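Examining the three-dimensional arrangement
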Amino acid sequence: MESSPNISALDPIVALAKRRGFVFPSSEIYGGLGSCYDYGPLGVELKRNVKDAWWRSMVHRREDVVGIDCSIIMHPRVWEASGHVSNFNDPLVECAHCGLRMRQDQIDAGIEKCAKSENKQHAFGEPRSFNLMFKTHLGPVEDEASTVYLRPETAQGIFVNFLNVVDSTRVKLPFGIAQQGKSFRNEITTRRFTFRTCEFEQMEMEFFCRPQESAAWYEYWRKERLQWFIDLGVSPERLRLRDHRPDELAHYSSACADVEYLFPFGWSELEGIACRGSFDLTQHAQHSGKTIIWRDQANNETLVPHVVEPALGTDRAILVFLIDAYTEDEVEGNPRTVLKLHPRLAPYKVAVFPLLRKDGHPEKAQEVYRMINESYHAFYDDSGNIGRRYRRQDEAGTPVCVTVDHQTLQDDTVTVRNRDTLEQHRVKISALRAELAALFGF
Ligand code: GAP
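1. Quick look at the environment of Pro211
Tracing the chain through its elements places Pro211 in the loop between strand S10 (199–209) and helix H8 (214–231). Overall, Pro211 belongs to the partly exposed group, its relative accessible area being 31%. Taking the C-alpha atoms as reference, Pro211 lies 6.2 Å from Pro305; in sequence the two are 94 residues apart. If we skip the residues at most four places from it in the chain, Pro211 touches Leu303, Val304 and His306.

2. Regarding the site of the ligand
If you check the shell around the ligand, you find 20 residues, and the closest are Glu153, Glu187, Thr197, Glu204 and Glu269. Between the ligand and Gln202 there is a distance of 3.0 Å, counted from an oxygen atom to a side-chain nitrogen or oxygen. In isolation the ligand offers 550 Å² of accessible surface; the protein chains occlude 91% of this area. Elements with a minimum of two residues in the shell around the ligand: S10, strand S13 (266–277) and strand S16 (306–313). In terms of residue count, S13 provides more of the shell around the ligand than any other element does, 5 residues in total. Here the residues of the shell around the ligand are counted per class, giving 6 nonpolar, 4 polar and 10 charged.

3. Considering the nonpolar core
Among the nonpolar cores identified, the biggest contains 56 residues, and Phe22, Val50, Trp54, Trp228, Phe229 and Phe321 are the most heavily contacted of them. Listing elements by their share of this core, those giving two or more residues are helix H1 (11–20), helix H2 (41–60), S10, H8, strand S12 (255–263), S13, S16 and helix H10 (314–325). Beyond its immediate chain neighbours, meaning those up to four positions away, Phe229 contacts Val234, Leu239, Val259, Leu270, Glu271, Leu312, Ala317 and Phe321.

4. Considerations on the packing of H2 against H8
Axis angle and axis distance: for two packed helices, these are the angle between their axes and the distance between the axes, and together they describe the pair. Interhelical geometry of H2 versus H8 gives an angle of 145 degrees and a closest axis separation of 12 Å. Once H2 is placed against H8, the crossing between them reads as right-handed. Residue-level inspection shows Val50, Ala53, Trp54, Ser57 and Met58 of H2 in contact with H8, the latter providing Trp221, Arg225 and Trp228. Residues belonging to the contact of H2 with H8 are distributed by class as follows: 6 nonpolar, 1 polar and 1 charged.

5. Concerning the domain arrangement of the chain
Domain parsing of the chain yields domain 1 (7–88 + 132–322) and domain 2 (348–440). Computed over C-alpha atoms, the centres of domain 1 and domain 2 are 39 Å apart. Taken together, the contact between domain 1 and domain 2 spans 7 residues of the former and 6 residues of the latter. Interface area for domain 1 against domain 2, summed over the two sides, is near 560 Å², with a carbon-plus-sulfur share of 50%. Summed over the shared surface of domain 1 and domain 2, the result is 2 residue pairs in polar contact (both at pLDDT 80 or more). Those elements that place two or more of their residues in the side of domain 1 that touches domain 2 are H1 and H2. The residue makeup of the side of domain 1 that touches domain 2, split by class, is 3 nonpolar, 1 polar and 3 charged.

6. Some points on the sheet that holds S12
Taken in spatial order, the 7 strands make up an open sheet running S3-S9-S10-S16-S13-S12-S11, and their pairing is mixed. Each having just a single partner strand, strand S3 (65–67) and strand S11 (239–243) make up the two edges of the open sheet. Pairs of neighbouring strands in the sheet enclose a mean axial angle of 25 degrees, with direction left out of account. In this sheet, strand S9 (residues 175–184) lies alongside S3 in parallel orientation, the contact comprising 3 bridges. Its bridge partner being in S9, Val65 is matched across the sheet by Gly176.

Conventions used here
Residues numbered from 1 in each chain as written. Predicted model: local features only at pLDDT ≥ 70, side-chain atom pairs only at ≥ 80, totals over all residues. Heavy atoms only, no water. Helix = DSSP H or I, 4+ residues; strand = E, 2+ residues; numbered from the N terminus. Buried < 20%, exposed > 50% of the residue type's maximum accessible area, 1.4 Å probe, protein only. Contact = heavy atoms within 4.5 Å. Near = heavy atom within 4 Å. Polar contact = N/O pair within 3.5 Å; in protein donor to acceptor, adjacent residues only side chain to side chain. Areas by Shrake-Rupley, 256 points an atom, 1.4 Å probe, with all protein chains shown as cover. Nonpolar A, V, L, I, M, F, W, Y, C, P; charged D, E, K, R; others polar. Core = buried A, V, L, I, M, F, W, Y, C linked by side-chain atoms within 4.5 Å. Axes fitted to C-alpha atoms, helices over the stretch in contact; angles between N-to-C directions. Left-handed = near helix turned anticlockwise from the far one by under 90°. Domains from an automatic or database assignment. Buried area = accessible area lost by both parts, 1.4 Å probe. Pairing = 2+ DSSP bridges.

What follows is the structure in structure tokens.
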């Protein structure tokens, strides 16, 4: 459910993202391509950190989840079995004046308007179904038989590999299979930056369990996923869990809750947690003719597991981390823009500056930079006055700046400046590593 539009409230974040190299419009020198975006040098680091934080929490720090990485193009029958060929549609209405196809809820919310008529009054035809999957052809012949789809979700790669994972690992029910990767949907997008795009990344985990345990696991994953955002610094008061009404449920799910975030344009979905029951495994068993069941040799148990699925959009998570971290405050009477990103997510953890570009400062600062960069991704900057260098790192979200000055050459201490508190103090270079570890918590 997306509520009242305030799209311009995103402008400062879009501007900062461009200015500092987080997110660029795709193909910009050709005028851009609607709702396609590229991650720049800082954005790609942020994205890796978000994906790593998710993988760490969902796979590495658990004993009951393994990972997988499936191909984007799959057998077309996968999408018949999953229901996407027949059900993955958006009902769209076409404007009689400008010919634009729009979603009814976007018109109702005042987000979409006729581009041509003066008073924005427009006549619509009856809603028609448009399938959201991108079609292409595999091989040299472009005919019906060679039609394939770009996956609209990563989940199906997990379901069709259920038997492979069970046979090749020592997983025991309950267990999960996690995947990160690109998905594609030919969506009507609504100028909300990276919130909804046609090409995006997902981080999904299918958690297989005994049917009678699925309600408890659903509760567990709802809480766990909400907490993940809070642990990474997102304001708890801007997060909520919202249960879907029966009429909102996707074709495969019996219960679903969204983690919602209070975006500048209102409360909107960030992540979905769905009870998919045995729908997918049963469908693939029927369509493939394979027996897809869980067999426990020890107690002679066979069953079709039920599935609880936390499904998050990587780009949408990144947008939330950017929005939530974006802060305007004042330093010594001057306005400052700062990204208060969690240290785990910050593209650079530390920036190292020589106070001057002479007197041995750069050599010493390079030494400190190389030492820190062994443990934490660091950035070296010797250009411009020190105040301006601090501002640049504030906008990049770098939690700590370390400055080498005259005193460093005498007593081997550096100035450590905290992005959020602006507090500065001197630390022995030999104690720097431990100080940073204590501050970051890793
Ligand atoms: N496998 C279930 C599934 O795909 P979904 O609610 O359609 O569920 C999960 O998608 C998440 O993926 C969403 O909560 C959202 O974060 C992200 N997502 C979905 N469509 C998106 C789009 N067009 N652009 C960006 N992110 C999207």
